[in-house]
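# Summary of the model geometry
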Amino acid sequence: MPGTRRGQPEAMPAVVIQGPEAYAAVAGNTAFREVEDHPFYGGFGRLYYPAVTADAVADASITVLIDGAPALYVPGAIGEGQLAYNGMALRFFFAAGCDRSIREAAVDAAFRHIDAQAAAGRLQRAWVRDEAAAGVLGPIGMAALSRGAAISIQLNGWIDLSAGEAAQRRELRKSFRSLINWGKANMVLSYVNAANPDPSAFATLQAFHQKVAGRTTRTQASWDAMFAWVAGGGGELVLAHLPDGELVAATLVVDGRTEAYYATGVYDRERFEKPMAHWPLWNAIERARDRGLQRFDLGIIPLPGAASAKEEAIGYFKRGFAMSIIASAEWSWSARQARNGDQGG
């Protein structure tokens with residue numbers, strides 16, 4: 001392109017809005033409806049993560065305006081010198097329908113903004129997710145590569161709820177079918193949701209979690225945020241008891257606009273000779289479909305050898321339900337590396 005270096009987008013007027021004002025610039029904009037699809041990035045995330053992080057992070061979200069119109073929104077936060085999104089890689093949300101040149105210009109402006117934050121000493125590392133990195137690198141991958149970023153792969157298990165129950169059953173690990181049937185015959189389920197917003201019932205999850213974990217791992221504010229979300233219609237808690245009334249499993253699902261997420265699963269470890277987890281999760285998946293959700297995110301599936309034995313076992317369990325495994329590239333780089341390196345593409 002005339003006047004540009006190879007691999008660099010042609011200059012377009014770009015303005016970067018940062019911090020809390022970044023979300024305000026796209027809120028209610030139908031071109032950014034995708035932001036609300038997954039609960040992490042939508043309303044649940046805006047409620048839950050401030051309760052979890054308190055003052056440990058600062059809002060570092062970015063909205064890029066190209067020719068005066070929002071083209072890119074990147075929810076993010078800076079904590080302990082790292083720019084990320086509450087323990088996850090940054091995710092880039094482009095305005096629906098914008099063409100490649102707009103995307104390239106918006107990515108260039110966002111990365112230059114990150115460079116400026118690094119140069120000012122506000123961060124040491126950045127971590128971004130590139131969902132379009134399979135095959136030929138796109139604008140995010142090229143911008144990260146030019147900064148000397150290291151790449152890794154994250155796997156997530158997904159269920160296509162719109163495919164219907166029969167299709168979901170076909171994709172189940174064969175051994176899970178009898179385990180689900182055992183749970184259905186031997187467990188009594190109850191729910192906390194908009195129809196039953198019972199705080200005392202939800203509190204049993206908190207107590208059960210502390211008992212199984214052997215310690216308190218979450219703040220009261222985070223539990224309160226989860227209850228407020230499900231009580232307001234954003235998902236539900238499934239509680240599973242044995243016929244004698246003993247609580248043996250709890251599965252929490254939170255909803256976005258179109259996607260549900262398997263947020264928490266707590267199961268009695270002393271009874272793992274019996275399939276305590278299978279029926280509550282399958283029931284939660286069925287009920288998410290009945291609520292009109294389109295996809296169910298089972299969460300991260302660890303790569304072999306990249307996690308603890310416990311985490312790998314959880315990943316194996318999730319794979320038994322998954323209809324598909326989605327691979328996303330994640331790029332991370334040091335700010336010092338970017339300042340000293342070649343950013344010319």
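Our subject is the structure listed above.
Heads up: these notes are all about the structure in this document.

The rules behind these values
- Residues numbered from 1 in each chain as written.
- Predicted model: local features only at pLDDT ≥ 70, side-chain atom pairs only at ≥ 80, totals over all residues.
- Heavy atoms only, no water.
- Pairing = 2+ DSSP bridges.
- Helix = DSSP H or I, 4+ residues; strand = E, 2+ residues; numbered from the N terminus.
- Buried < 20%, exposed > 50% of the residue type's maximum accessible area, 1.4 Å probe, protein only.
- Polar contact = N/O pair within 3.5 Å; in protein donor to acceptor, adjacent residues only side chain to side chain.
- Contact = heavy atoms within 4.5 Å.
- Axes fitted to C-alpha atoms, helices over the stretch in contact; angles between N-to-C directions.
- Parallel < 35°, antiparallel > 145°, perpendicular 65-115°, else oblique.
- Left-handed = near helix turned anticlockwise from the far one by under 90°.
- Nonpolar A, V, L, I, M, F, W, Y, C, P; charged D, E, K, R; others polar.

With mixed pairing, eleven strands are arranged side by side in an open sheet as β2-β5-β6-β8-β15-β9-β14-β13-β12-β11-β10. What marks the edges here is a single partner per strand, and that holds for β2 (58–59) and β10 (188–192). Sheet analysis places strand β13 (residues 259–267) next to strand β14 (residues 295–300), joined by three bridges and oriented parallel. Within β14, the position partnered with alanine 260 by the bridge is phenylalanine 296.

With the exception of glycine, the majority of residues adopt a negative phi angle, and the majority of peptide bonds are in the trans configuration. Although it is not a glycine, glutamate 80 sits at a positive phi angle of roughly 50 degrees. Located in the positive-phi region is asparagine 86, a residue other than glycine, with phi close to 50 degrees. Judged by its relative accessible area of 24%, asparagine 86 falls in the partly exposed class.

Let's shift gears to the side chain of threonine 251. Topologically, threonine 251 is positioned in strand β12 (residues 247–255). At 3.1 Å, the side chain of threonine 251 and the side chain of tyrosine 267 are in polar contact. Residue contacts for threonine 251: discarding those within four places in its chain leaves Glu236, Leu237, Val238, Tyr262, Thr264, Tyr267, Pro280, Leu281 and Ala284.

Here helix α2 (residues 43–53) has its buried residues at Phe44, Gly45, Tyr48, Tyr49, Ala51 and Thr53. The inward-facing, buried residues of α2 contact α8 (220–231) and β12.

Close contact between α2 and α8 brings their axes to 8 Å; oriented N to C, the two are set at 165 degrees. Here α8 runs roughly antiparallel to α2, going by the angle between their axes. Once α2 is placed against α8, the crossing between them reads as right-handed. Along its contact with α2, which presents Gly43, Phe44, Leu47, Tyr48, Ala51 and Val52, the element α8 presents Ala221, Ser222, Ala225, Met226, Ala228 and Trp229. Residues that form the contact of α2 with α8 fall into these classes: ten nonpolar, two polar and no charged.

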